[in-house]
Amino acid sequence: MDHGILDEAYRRLHRTGPEFEGWLSNHGPMAVEALVRHGHDRSVHRWLDDYLRRLDELPRGQHRIEDWREALGDPKRAGDWLAHFDRELRERPWREVLGTWWPRLLPGIAAGATHGVIRVGHAVRALREDGSSPDRVVELGQALGYWAARWQPVPGLRLDAASRPDGPDVATALASVPRIDDRSGGIRQRLARLSGVPGWDGAVAAPRPARTPADAERGLVALVHRAALDYLRYGHENPVMLVHAVTAPTAVLRTLPALDPALWAPSLTAAWSATAAVTAVYAPPLGTAIPAVPPGTPAEVFARAARHGDAHVVKLADAVLDAHAATGDERVLAAAGYAGQLI
C-alpha cells in the first residue's frame, strides 16, 4: 500500500468535521484507509474529490476539557474534544493515550451509530500495521474525539461480564435477540426503546463471557462471522444501518493487539452489545433465505466494492475480508456483494 497516499488523504480530511448535515458521520477517513489497504490507492483522491463536497468544516474548540466525565456525550463540545486529543497525542505516545481512553469510551460504544469505535479501529490498524506518522496520529485523535463527543451507552450494557455464569455461544445468542416494535426514528430514538423490550436485559448479557484474552479474541471472530452471515438474511430491511452490526465488532477486533489484554474481555462484551442492539432495532424478526450472490475471490470482492463507491459498501467489504481470512468461510464474502446490490 502507498502510505503517502493515505497520509495525503488524511490531511485533506482533517480540515473537515466528524459529522455533516446534522449528525451524519464523516466516513471519509475510514473508507480511504480501506481503499489504500486493499491496493486501490489511485482511486482515493478521485473518490475524495466527490466526497469532500458534502462535508462540514472542522469544529473549533472553545474551552478545555476539564471534567471529562461531564463532557462525555456532549456533541456541542466536539471541537473541544478534538482539541483535547490533539494535545494529548502531542504529549504522549499514541498507545498510551489509547490505553487510557479505551476503557473510558468503551461503555459508550453506541456513539455516532457506532462510528466512533469504527473510526478508531481504522486509525489503530493504520498505526499498527503501517507505522506511526503525524497524519495517522492526528487521525486517531480525531476518531477518539468524535467517540467522546457522541459517547452513548447501549441500554443494559454491563462490562463486568466475566462475573456472570456461562451463557450460549455467540451464534445462538444473536439468533435470540428480541426486536423493537416501533421502528420509527433514527438509531438514537430506537436504542432508547430497548430498555422496555421484553427479553432485552437477558439478551444484552446473553453470550458466554470471555474468561481469558484468547476467549475474547475467539468471541469477536465468531461475532463478526455470524453478523456477516446475518447481513445476508437481514440486510434488505435496512441495508446501511445493518452494516454496522459487522463493522463495529470488526473495529474492536482490530484494536485488541494495541490494548492491554486485561481490556479484551470487556471489549468483547461491548462489541456484542453494539451488534445485538443494531440487530434488535433494525433487523426483521425472521431472516429470509441467504440470497445467491457470487462472492468471487477476496480481491474481486473488494474491487467491486471500490467500483461501487459507497463508503458503507467499501467498509463492509473490508470487514468481511477480515472475517474470511479468520474463518475461511467464503459465504461471508457474499455479504459485500449483497450490500452493493441493496445500497
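If you're wondering where the values come from, they're calculated on a predicted model, not measured in any experiment.

A. The arrangement of the overall build of the chain in detail. Helix and strand counts for the chain stand at 17 helices and two strands. Scaling as 2.2 N^0.38, a compact globule of 343 residues should have a C-alpha radius of gyration of about 20 Å, and the chain matches this with 19 Å. On the principal axes, the C-alpha backbone points of the chain span a range of 45 × 45 × 40 Å. Looking at the chain as a whole, 57% of its 343 residues qualify as buried. Once local pairs closer than 6 in sequence are excluded, the contacts in the chain between residues at least 24 apart make up 77%.

B. View of the pattern of salt bridges. Tallied over the full model, the rule gives 24 salt bridges. Between Arg331 and Asp329 there is a salt bridge, and its shortest N-O distance comes to 2.7 Å.

C. Representation of the domain arrangement of the chain within the structure. Under the domain assignment used here, the chain contains domain 1 (3-150) and domain 2 (167-342). Between the C-alpha centres of domain 1 and domain 2 the distance comes to 22 Å. Contacts between the two partners involve 29 residues from domain 1 and, on the opposite side, 32 residues from domain 2. Where domain 1 touches domain 2, the interface holds one salt bridge. Between Asp318 and Arg125 there is a salt bridge; the shortest N-O distance is 2.9 Å.

D. Spotlight on the nonpolar core. Counting 122 residues, the largest nonpolar core has Val32, Trp81, Leu98, Trp102, Val120, Leu140 and Trp200 as the members making the most contacts within it. Among the elements that take part in this core, helix α14 (residues 264-282) stands out by supplying 13 residues, more than any other. In this structure, this core is formed jointly by two domains, domain 1 (3-150) and domain 2 (167-342), each of which donates at least three residues. Once you skip the residues sitting within four places of it in the chain, Leu98 turns out to touch Pro103, Val120, Val124, Leu144, Thr255, Ala258 and Leu259.

E. Looking closely at empty space enclosed by the protein. Considering all chains together, one arrives at four cavities of 30 Å³ or more under this definition. By volume, the largest cavity is sized at about 80 Å³. Around the largest cavity sit Leu174, Ala227, Asp230, Tyr231, Tyr234, Leu242, Ala245, Thr275, Thr279 and Ala283, which together line it. Taken together, the elements giving at least two residues each to the lining of the largest cavity come down to α12 (213-234) and α14. Element by element, the count of residues in the lining of the largest cavity is highest for α12, at four residues. Of the residues contributing to the lining of the largest cavity, the split by class is seven nonpolar, two polar and one charged.

F. Representation of the packing of helix α16 (residues 311-327) against helix α17 (residues 334-342) within the structure. Their axes nearest at 8 Å, the elements α16 and α17 cross at an angle of 170°. Taken together, the axes of α16 and α17 are roughly antiparallel relative to one another. Every residue of α17 that contacts α16 at Val313, Leu316, Ala317 and Val320 is listed here: Ala335, Ala336, Ala339 and Gly340.

G. Structural detail: α14. Its 19 residues give α14 an end-to-end C-alpha distance of 27 Å, which sits within 8% of 27 Å, the value for a rise of 1.5 Å per residue. Most of α14 is tucked away, with 19 of its 19 residues classed as buried.

H. Broad picture of the packing of aromatic side chains. Here the structure, examined in full by the defined rule, presents eight aromatic pairs. Arranged with centres 5.0 Å apart and planes meeting at 75°, the rings of Phe85 and Trp101 form a pair that is edge-to-face. In this pair, Phe85 is assigned in helix α5 (residues 78-91) and Trp101 in helix α6 (residues 94-105), connecting sequence segments 16 residues apart. Per residue, the accessibility class of Phe85 equals that of Trp101, and both read buried. A network of ring pairs unites the aromatic residues Trp68, Trp81, Phe85 and Trp101 as a single cluster. Over the aromatic face of Tyr234 sits the side chain of Arg179, whose NZ or CZ is 5.2 Å from the ring centroid. The ring of Trp23 is capped by Arg188, whose NZ or CZ atom sits 3.8 Å from the centre of that ring.

How each quantity is defined
Residues numbered from 1 in each chain as written. Predicted model: local features only at pLDDT ≥ 70, side-chain atom pairs only at ≥ 80, totals over all residues. Heavy atoms only, no water. Helix = DSSP H or I, 4+ residues; strand = E, 2+ residues; numbered from the N terminus. Rg over C-alpha atoms; globule rule 2.2 N^0.38 Å. Buried < 20%, exposed > 50% of the residue type's maximum accessible area, 1.4 Å probe, protein only. Contact = heavy atoms within 4.5 Å. Salt bridge = Lys/Arg side-chain N within 4 Å of Asp/Glu carboxyl O. Domains from an automatic or database assignment. Core = buried A, V, L, I, M, F, W, Y, C linked by side-chain atoms within 4.5 Å. 1 Å grid on protein atoms, 1.4 Å probe; cavity = no way out; pocket = protein on both sides within 12 Å on 5 of 7 lines; lining within 4 Å. Points joined across faces, edges and corners; volume = space filled by probe spheres on them. Nonpolar A, V, L, I, M, F, W, Y, C, P; charged D, E, K, R; others polar. Axes fitted to C-alpha atoms, helices over the stretch in contact; angles between N-to-C directions. Parallel < 35°, antiparallel > 145°, perpendicular 65-115°, else oblique. Expected span 1.5 Å × (residues − 1). Phe/Tyr/Trp six-rings, centres within 6.5 Å; stacked < 30°, edge-to-face > 60°. Lys NZ or Arg CZ within 6 Å of the ring centre and 35° of its normal.

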